[in-house]
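Chains, contacts and geometry: an overview
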Amino acid sequence: MANNINEINRIAADTKFTGDLATRTDIRIDGTFEGRLFCDARVVVGEKAIIKGDIFCTFIDFNGTMLGGNFYVKDTLSLKAGCSVQGDLYFQKFQVELDAKYAGKCQMIGEAEFNKVSAPVAAMLQKA
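Before going into details, it helps to say that this report is about the structure given with it. In this text, all values refer to a predicted model and were calculated from it rather than measured experimentally. (Residues numbered from 1 in each chain as written. Predicted model: local features only at pLDDT ≥ 70, side-chain atom pairs only at ≥ 80, totals over all residues. Heavy atoms only, no water.)

1. What to know about the overall build of the protein chain
For the protein chain, the count of helices and strands is 1 helix and 12 strands. Scanning the protein chain from its N terminus toward the C terminus, one meets helices and strands in the order β-β-β-β-β-β-β-β-β-β-β-β-α. The globule rule puts the C-alpha radius of gyration for 128 residues at 14 Å, and the 13 Å found for the protein chain is close to it. In terms of its C-alpha atoms, the protein chain occupies a principal-axis envelope of roughly 40 × 35 × 30 Å. For the protein chain, the residues scored as buried account for 43% of the 128 residues in total. Expressed as a percentage of contacts within the protein chain between residues at least 6 apart in sequence, the contacts between residues at least 24 apart total 10%. Accessible surface for the protein chain amounts to roughly 6900 Å². Of this, 49% is attributable to carbon and sulfur atoms. (Helix = DSSP H or I, 4+ residues; strand = E, 2+ residues; numbered from the N terminus. Rg over C-alpha atoms; globule rule 2.2 N^0.38 Å. Buried < 20%, exposed > 50% of the residue type's maximum accessible area, 1.4 Å probe, protein only. Contact = heavy atoms within 4.5 Å. Areas by Shrake-Rupley, 256 points an atom, 1.4 Å probe, with all protein chains shown as cover.)

Below you can see the structure in the form of structure tokens.
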């Protein structure tokens, strides 16, 4: 099911977001994000984006730079060519393109384990 363009969140280039963010719909990050993100959908991180913090999501297409933090992905983590990641990766499925760079631990997790580690962050959605 495709999302309506008006239902996609966006942190535009030249924008810096600091703090915790929770959403049930897709989000695209092209600016700087520092904090924790819980997305019960797809996260797309653009080529010039800078991330510092933890991301909990269902799917992620990562093109940018992560300067520290962890990915917790319920389904598929996709590292695109040219991206750079410093942090640990927890996922069910993993795709890596040539020239993607990462330094950290990689571990496959199931949905039950994802739900357990993401529960405190997912609770942010209940408060919204």
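2. Topic: the environment of Leu89
With respect to the element layout, Leu89 can be found in strand β9 (residues 88–91). Considering only alpha carbons, one finds Leu89 and Leu77, 12 residues apart in sequence, at a separation of 8.4 Å. In contact with Leu89, not counting residues within four places along its chain, are Phe71, Leu77, Leu79, Phe94, Tyr102, Lys105, Cys106 and Gln107.

3. Observations concerning the environment of Gly87
On the secondary structure map, Gly87 appears in the loop between β8 (84–86) and β9. Through-space distance from the C-alpha of Gly87 to that of Gly53 is 9.1 Å; in sequence the pair is 34 residues apart. Contacts of Gly87, omitting those with residues within four sequence positions, involve Gly69, Asn70, Ala103, Gly104 and Lys105.

4. Some details on unusual backbone geometry
Positive phi values are uncommon outside glycine, yet Asp14 reaches one of about 65°. Among the secondary structure elements, Asp14 is positioned in the loop between β1 (9–11) and β2 (16–23). Phi at Asp99 is positive, roughly 75°, even though this residue is not glycine. Take Asp99: it is sitting in the loop between β10 (93–96) and β11 (101–103). Asp99 sits in the exposed class, given a relative accessible area of 58%.

5. Some details on the pairing of strand β5 (residues 50–62)
If a strand is regular, its side chains alternate between the two faces of the sheet. Two strands pair when backbone bridges link them, and strand β4 (residues 32–45) and β5 are joined in this way by 12 bridges, in the parallel orientation. Across the sheet, residue Arg42 finds its bridge partner in β5, namely Phe59. When β5 meets strand β6 (residues 65–66), the two strands line up parallel, connected through 2 bridges. Bridge assignment links Ile51 to a residue of β6, and that residue is Met66. Sheet analysis places β5 next to strand β7 (residues 70–79), joined by 7 bridges and oriented parallel. Within β7, the position partnered with Cys57 by the bridge is Val73. (Pairing = 2+ DSSP bridges.)

6. Some words on the pattern of salt bridges
Using the criterion set out here, one finds 8 salt bridges in the structure. Here Asp20 makes a salt bridge to Arg36, at a shortest N to O gap of 2.8 Å. With Asp20 in strand β2 and Arg36 in strand β4, this residue pair connects regions lying 16 residues apart in the sequence. For Asp20, a relative accessible area of 39% gives the class partly exposed. With a relative accessible area of 30%, Arg36 lands in the partly exposed category. Across the pair Arg28 and Asp30 runs a salt bridge whose closest N-O atoms are separated by 2.8 Å. Residue Asp30 is classed as buried on the basis of its relative accessible area, which comes to 13%. (Salt bridge = Lys/Arg side-chain N within 4 Å of Asp/Glu carboxyl O.)

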